[in-house]
Amino acid sequence: MKVTLEVRPRRKPHLPIEAEKIVPRTFFEETDGLSVFRGNKELALEEIFSVAIEGEAASVDGVEITILGDSSRIKRVGEYMDGGRIHVMGDIGMHCGNFMSAGEIVIDGNADAWLGREMRGGTIRCHGSAGDFCAAGYRGEKRGMRGGTVEVFGDAGDFTAETLAGGTVIVHGNAGDLAGVDMKDGVLTIMGDTSMACANMSGGRAYVHGTVYDMIPTFRNIGRETVGGDVFTRFAGDIANRGKGTLFIRNYKYMD
Amino acid sequence: MTELLIRNACVIDPINDICGEIMDIAVRDGKIVESVGSGAEVIDAGGSLTMPGGIDAHTHVCGTKVNFGRYMSPEDMRAGRTARRGHMHATSGYSVPTTYGTSYRYSAMGYTTALEGAMAPLEARHTHEEFAYTPLQDMMANTLFDGNWPVMQAIHDGDIKRVAAIVGWTLSAVKGFAIKLTNPGGTEAWGWGKDVSSIRDVVPHFEVTPAEIIRAMIEANEMLNLPHSVHLHCNCLGKPGNYETTLETFDLVPNTNDKRQSLYATHVQFHAYGGSSWRDICSRSEEICRAINQKPQIVMDMGQVMFGKTTTMTADGPMEFNLYRLYHNKWSNHDVELETGSGIIPVYYNRKNLVNSIMWAIGLELALLTDNPWQCILATDNPNGAPFVKYPEIIALLMSKRYRNGVFQTVHPDTEHNVPLAALDRELTWKEIAIMTRAAPAKALGIVDIGKGHLGEGADADIAIYPLNINEIDPAKAPEEVIRAFGQTDYTIKRGRVVCCRGTCMVDGENTTIWVNPRISENHSMDHDPEFARNFDKNYTIRMRNYPVQEEYLQRNLCIETEARL
Ligand SMILES: [Zn+2]
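All values derive from a computational prediction rather than experimental measurement.

Criteria and cut-off values
- Each chain has its residues counted from 1, running along the sequence as written.
- Following the order in which they are written, the chains are lettered starting with A and the ligands numbered starting with 1.
- With the structure being a predicted model, the display of local features is reserved for residues of pLDDT at least 70 and the display and counting of side-chain atom pairs for 80 or more, all residues being used for whole-chain, interface and lining totals.
- Hydrogens and water molecules were not included; the side-chain quantities draw on all heavy atoms of the structure.
- Numbering of helices and strands starts at the N terminus; helices are DSSP runs of H or I of at least 4 residues and strands are runs of E of at least 2.
- Note on method: radius of gyration uses C-alpha positions; expected globular size equals 2.2 Å times residues raised to 0.38.
- Note on exposure labels: buried denotes an accessible area under 20% of the residue type's maximum, exposed denotes more than 50%, and partly exposed covers the range between, all computed with a 1.4 Å probe on protein chains only.
- Note that accessible areas follow from Shrake-Rupley with a 1.4 Å probe, and for residues the cover is restricted to the protein chains shown.
- Here a cavity means grid points, on a 1 Å grid over the protein atoms only, where a 1.4 Å probe fits yet cannot get out; a pocket means an open set of points with protein on both sides within 12 Å along at least five of seven lines; lining residues are those with an atom within 4 Å of a point.
- Grid points are joined across faces, edges and corners, and a volume is the space filled by probe spheres set on the points.
- Residue polarity is assigned by list, with Asp, Glu, Lys and Arg as charged and Ala, Val, Leu, Ile, Met, Phe, Trp, Tyr, Cys and Pro as nonpolar; anything else, Gly included, falls into the polar class.
- In what follows, residue pairs with any heavy atoms lying within 4.5 Å of each other are defined as contacts.
- In what follows, salt bridge is the name for a side-chain nitrogen of Lys or Arg lying within 4 Å of a carboxyl oxygen of Asp or Glu.
- Contacts described as polar in this section are N or O atom pairs within 3.5 Å, which, within protein, must combine one atom able to donate a hydrogen with one able to accept it, while residues neighboring in sequence count only if both atoms come from side chains.
- In this analysis a donor is any N, O or S atom within 2.8 Å of a metal ion (3.2 Å for sodium, potassium and calcium), and since water is not included, sites may seem incomplete.
- When DSSP finds two or more bridges between a pair of strands, those strands are recorded as paired.
- A residue counts toward a patch only above 30% relative accessible area and without a salt bridge, and it is joined to like-charged neighbours within 9 Å or, for Val, Leu, Ile, Met, Phe, Trp and Tyr, to nonpolar neighbours within 5 Å.
- Here Asp and Glu are counted as negative and Lys and Arg as positive; His is not counted, and neither are the chain ends.
- Each charge is placed at NZ for Lys, CZ for Arg, CG for Asp and CD for Glu.
- In this analysis, axes come from line fits to C-alpha atoms, helices being fitted only over the stretch in contact, and the angle between any two N-to-C directions falls in the range 0 to 180 degrees.
- Between the first and last residue of a helix there are one fewer steps than residues, each counted as 1.5 Å, and that sum is the expected span.
- We call a set of buried Ala, Val, Leu, Ile, Met, Phe, Trp, Tyr and Cys residues a nonpolar core when their side-chain atoms join them within 4.5 Å.
- Every residue gets a pLDDT, meaning the predictor's confidence in that residue, from 0 to 100.
- Paired rings are identified among Phe, Tyr and Trp, the last through its six-membered ring, by centres lying within 6.5 Å, and are further divided according to the angle between planes into stacked (under 30 degrees), edge-to-face (over 60) and tilted (the rest).

A. Representation of the overall build of chain A within the structure. Along its length, chain A carries two helices and 18 strands. Whereas a compact globule of 256 residues would reach a radius of gyration of roughly 18 Å, chain A reaches 19 Å, a difference of no more than 12%. Overall, chain A is about 60 × 40 × 30 Å in size when its C-alpha atoms are taken along their principal axes. Split into buried and exposed, the 256 residues of chain A put 54% on the buried side. Accessible surface for chain A amounts to roughly 10800 Å². Of this, 47% is attributable to carbon and sulfur atoms.

Below, the structure written as structure tokens:
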């Protein structure tokens, strides 16, 4: 089943649309009567999107959703996704892939904040940049993302992989402040720079191929180590949190 | 004039010695009257259990500390979400709900009055603002004096009249209801990184002991003729072996008031531990209850712990630091200049954990071993021991030995070697539950005279009708029926209006804040005391004239004026 959703031109394109219904399972089960919310107003899916559906699917994994047009304010696409594929041709709004457990989301443009929040499984690939709290958890909750893969080819914002408790997060560009903060498990890789990496980390592994600015002083320097042909400095910590995490860094700079 | 007639109510009203009589209750303009006219609105209770509205004598629901619990635990707001509906606002939160969430859930359980357990005087405005948004319960605020600098100075100087004068001035300035001492002296010591480990330790810089503070405050309380007694959270909360401190504290208490107790000891479960470490902690409920049974001058509440997630919040800053070191989770620590402090951490009481299992057992033991139910009030120190929505389960545990045994099977297997609970066969009666949840709280708080906790003529028409026929249900055999009935009333009536019907709140509501204003002679008034004013302006970061809570912070309110012997 191929579902094509093209965002219609909107008079006020900045108003966010709550679109948690846009997930393969919805279309696999029922294609009629779907709705989204703008504020507290419930709108038919067709009011916001032109909808085209071709073919049938034997399982949720046979559903592929393509989103075109200005989808930068369409929120919660792929929430609780448990199979199938979503392809966003442009940018996507906040909370894309919340609680996702299986399937694949590909974003050609940028993703707004909270991409893959509390994700359990599946794969998200964002070819542009991601906003703050990419692959993070809910505020206050101890454990965030627990499984699956989030790969961002551009930069990611602050608090990337906050409270990461499983799965893999890869940022090819730079990450903002406090990447991997409160991380418990899983693997975080940042190819560029970040700052205050992994503060309060208690478990898991993180690799920073660029420079960590404002390096947290409560990590113990274990020494040089070669990983995949590159020389890293290995740290253990965060000892301020009795942490047992491992942090590999190419370059680092403590706060002056 | 509005009139209401409740027919065929099976009434339990311990203060008026009514136990299970089928009768009609007449209400005019919010008060209970002898009879009403034929035009009155009629509710047929159909023989259902009908009692005065429930009164929580110790709960934490409004104020800065509660609110900090909310914003340090946004994840708690994911639980208990309800949408806006009719007169009901949207709510969220489980252990620290929004004020409306608190109010609606209490109301659904038939509770119409509550005492906020701890209000820092300096931060009183926040408490009163939240009272205004807790519309379905009349509210009172315990006012913290455990580390009050001018009070400790006056105690040190041996000037009890001055202690009373400062307390009286402060209570009326902040629109408080009663004196609360939380770990007296300990929270002040915590401001210097210390704590007190017994009631004989000396508080740094003030050279007074917790014992001196407690004794002086009891005396001052009676001098001010306050409706409630001193409300004490003993020293050494949560420490193995602390029952000795609790017993020593009880020995300080004279029997000075013939209408009510002279000391209210709160959440005594947390103060009834034997042993010397977490490894050998055990229950000392028998020793505690032996003392309570011999001392009519003391009333306590259970401080029952129930398994599950909750948030601890108290003015006992050093205790929360110890908990933080145990759990290593997020923690808040707060100092209130010249007065008190507070700490907050989220916790999870686990039935597989021996210490938590022992705590659970001790609370129940206190209720079962206290001969006179007027001396042991049902409460969880909400939300410290458990959110108040667990009260129906606690009632069932107290009324059914079989249910208790069933839960006992699920707790840590070593619990039975450390607590006497399994040997206790007592099953509380409907009347005893009515006493522990409305009559005794009203009497202990001193609010029977203003029409709380009973259904006699002239009383406030605060009434709870539970979907339960006590002549048909055996609580010992049908605990699930007890839990269901106490979890949701058919009707909760407040000031003569049905405010909640089968869980749906029917009105916007407007509660009453009850506060005290002790009349003190001019020559003892702090308003005309140059030394008090000088020290106030020297030590506080605000001016004395800006300290009192302005009338506009109170909406509907009832001021209890007392004649101080000063
Ligand atoms: Zn309390």
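B. Structural context of the layout of surface pockets. Taken as a whole, the largest pocket spans an internal volume of roughly 590 Å³. As for the largest pocket, its lining consists of 22 residues, and the residues nearest its centre are Asp182(A), Lys184(A), Asn200(A), Asn329(B) and Lys330(B). Tallied by class, residues from the lining of the largest pocket come to six nonpolar, seven polar and nine charged.

C. Quick look at the interface of chain A and chain B. Listed as interface residues are 11 residues of chain A and, on the opposing side, nine residues of chain B. Here chain A is connected to chain B by two salt bridges. A salt bridge links Arg78(B) to Glu141(A), with the nearest nitrogen and oxygen atoms 2.8 Å apart. Put simply, chain A and chain B have six residue pairs in polar contact (both at pLDDT 80 or more) between them. Here the residues of the side of chain A that touches chain B are counted per class, giving three nonpolar, two polar and six charged.

D. The arrangement of the coordination of the zinc ion in detail. Residue and element names in this part refer to chain B. Only His-58 (NE2), His-60 (NE2) and Asp-381 (OD) from the protein coordinate the zinc ion, and they sit 2.0 to 2.1 Å from it. Between consecutive donor residues of the zinc ion, the sequence gaps follow H-x1-H-x320-D. Of this pair, His-60 sits in the loop between strand S6 (54–59) and helix H1 (64–72) while Asp-381 sits in the loop between strand S18 (376–377) and helix H12 (391–399), placing them 321 residues apart in sequence. Judged by relative accessible area, which is 3%, Asp-381 ranks as buried.

E. Local environment of the pairing of strand S16 (residues 220–227) of chain A. Residue and element names in this part refer to chain A. Strand direction decides the pairing type here: S16 and strand S17 (residues 230–237), joined by seven bridges, are antiparallel. Opposite Arg-220, over in S17, you have Ala-236 as the bridge partner. Counted along the chain from S16 to the antiparallel partner S17, the turn is two residues long, and its residue Gly-228 has a positive phi close to 55°.

F. Region of interest: a negative patch on the surface. The grouping of Glu30(A), Asp32(A), Glu46(A) and Glu47(A) at the surface amounts to a negative patch. Residue position: Glu46(A) is located in helix H2 (residues 45–48).

G. Representation of the sheet that holds strand S17 (residues 340–349) of chain B within the structure. All names here are of chain B. Taken together, three strands build an open sheet; the order of strands is S15-S17-S16 and the sheet is antiparallel. Where the open sheet ends on each side, the last strands, each with one partner, are strand S15 (308–314) and strand S16 (332–336). Strand-to-strand twist in this sheet, taken as the mean axis angle between neighbours without regard to direction, amounts to 15°. Taken together, the five bridges between S16 and S17 define a ladder with antiparallel strand orientation.

H. Molecular detail of helix H11 (residues 354–369) of chain B. Residues and elements named next belong to chain B. In this model, H11 (16 residues) spans 22 Å end to end at C-alpha, consistent with the 22 Å of a helix rising 1.5 Å per residue. The buried count for H11 comes to 16 of 16 residues, which makes it a mostly enclosed element. Put simply, Asn-353 is the residue that caps the front of H11, since its side-chain oxygen is 2.8 Å from the backbone nitrogen of Val-355.

I. Fine view of the pattern of salt bridges. Counted under the stated rule, the structure contains 46 salt bridges over all chains. Between Arg76(A) and Glu79(A) there is a salt bridge, with its nearest N and O atoms 3.0 Å apart. Judged by its relative accessible area of 23%, Arg76(A) falls in the partly exposed class. A salt bridge links Asp490(B) to Arg502(B); the nearest nitrogen and oxygen atoms lie 3.2 Å apart. With Asp490(B) in the loop between helix H15 (479–487) and strand S20 (491–494) and Arg502(B) in the loop between strand S21 (497–501) and strand S22 (504–505), the pair connects residues that are 12 residues apart, well separated along the chain.

J. Spotlight on empty space enclosed by the protein. Residue and element names in this part refer to chain B. The full count for this structure, using the stated rule, is six cavities of 30 Å³ or more. Of the residues in the lining of the largest cavity, the class split is seven nonpolar, seven polar and two charged. For the lining of the second largest cavity, the secondary-structure elements that each account for two or more residues are H12 and helix H14 (430–445). Ranked by residue count, the leading element in the lining of the second largest cavity is H12, at three residues. Here the residues of the lining of the second largest cavity sort into seven nonpolar, one polar and one charged.

K. Representation of unusual backbone geometry. Cis geometry marks the peptide bond from Gly237(A) to Asp238(A); its omega dihedral reads 5°. Position of Asp238(A) relative to the elements: it lies in the loop between S17 and strand S18 (245–254). Geometrically, the link from Asn382(B) to Pro383(B) is a cis peptide bond, its omega value of 0° lying close to zero. By the element assignment, Pro383(B) lies in the loop between S18 and H12. If you check the backbone angles, Met196(A) has positive phi at about 50° while not being a glycine. Structurally, the position occupied by Met196(A) is in the loop between strand S14 (194–195) and strand S15 (205–215). Look at Arg502(B): it is not a glycine, yet its phi comes out positive at around 45°.

L. The nonpolar core, seen in detail. In terms of nonpolar packing, the biggest core is built from 150 residues, with Phe177(B), Met217(B), Ile288(B), Trp360(B) and Leu398(B) touching the most fellow members. In terms of residues, this core owes the most to one element, H11(B), which gives 12 residues. Excluding anything up to four places from it in sequence, Trp360(B) contacts Gln304(B), Val305(B), Met306(B), Phe307(B), Leu397(B), Arg404(B), Val407(B), Phe408(B), Val411(B) and Leu421(B). Ranked by size, the runner-up nonpolar core spans 65 residues in total, among them Phe49(A), Ala57(A), Met100(A) and Ala135(A).

M. Layout of the confidence of the model for chain B. Of all residues in chain B, 100% attain a pLDDT of 70 or more, and the chain-wide mean is 96. Interface confidence for the predicted complex, expressed as ipTM, amounts to 0.82; the pTM equals 0.93.

N. Seen up close, the side chain of Ser172(B). All names here are of chain B. With respect to the helices and strands, the residue Ser-172 is situated in helix H5 (residues 160–174). Classification of Ser-172 as buried rests on a relative accessible area of 18%. Those residues in contact with Ser-172 that lie beyond four places of it in its chain are Trp-515, Val-516, Asn-517 and Pro-518.

O. Quick peek at H5(B). Residue and element names in this part refer to chain B. For H5, with 15 residues, the first-to-last C-alpha span of 21 Å sits near the 21 Å given by 1.5 Å per residue. With 14 of 15 residues buried, H5 is to be regarded as a mostly interior element. Backbone geometry just downstream of H5 places Lys-175 in the positive-phi region, at approximately 60°.

P. Layout of the environment of Pro420(B). All names here are of chain B. Inspection of the secondary structure puts Pro-420 in the loop between helix H13 (401–408) and H14. In this structure Pro-420 comes out as buried when scored by relative accessible area, which is 14%. Residues Pro-420 and Pro-74, spaced 346 residues apart in sequence, show a C-alpha to C-alpha distance of 39 Å. Setting aside residues no more than four positions away along its own chain, Pro-420 makes contact with Ser-283, Ser-285, Glu-286 and Glu-365.

Q. Layout of the packing of aromatic side chains. All names here are of chain B. In this structure the tally under the stated criterion is 30 aromatic pairs over all chains. Relative to Phe-206, the ring of Trp-149 has its centre 5.8 Å away and its plane inclined at 55°; by these criteria the two rings are tilted. Of this pair, Trp-149 sits in helix H4 (residues 149–156) while Phe-206 sits in the loop between helix H6 (186–190) and helix H7 (210–223), and the two are 57 residues apart along the sequence. Geometrically, the ring pair formed by Phe-532 and Phe-536 is tilted, given 6.0 Å between the ring centres and 55° between the ring planes. Taken together, the residues Phe-532 and Phe-536, both in helix H16 (residues 530–539) and four residues apart, mark about one turn of the helix. For Phe-536, a relative accessible area of 4% gives the class buried.

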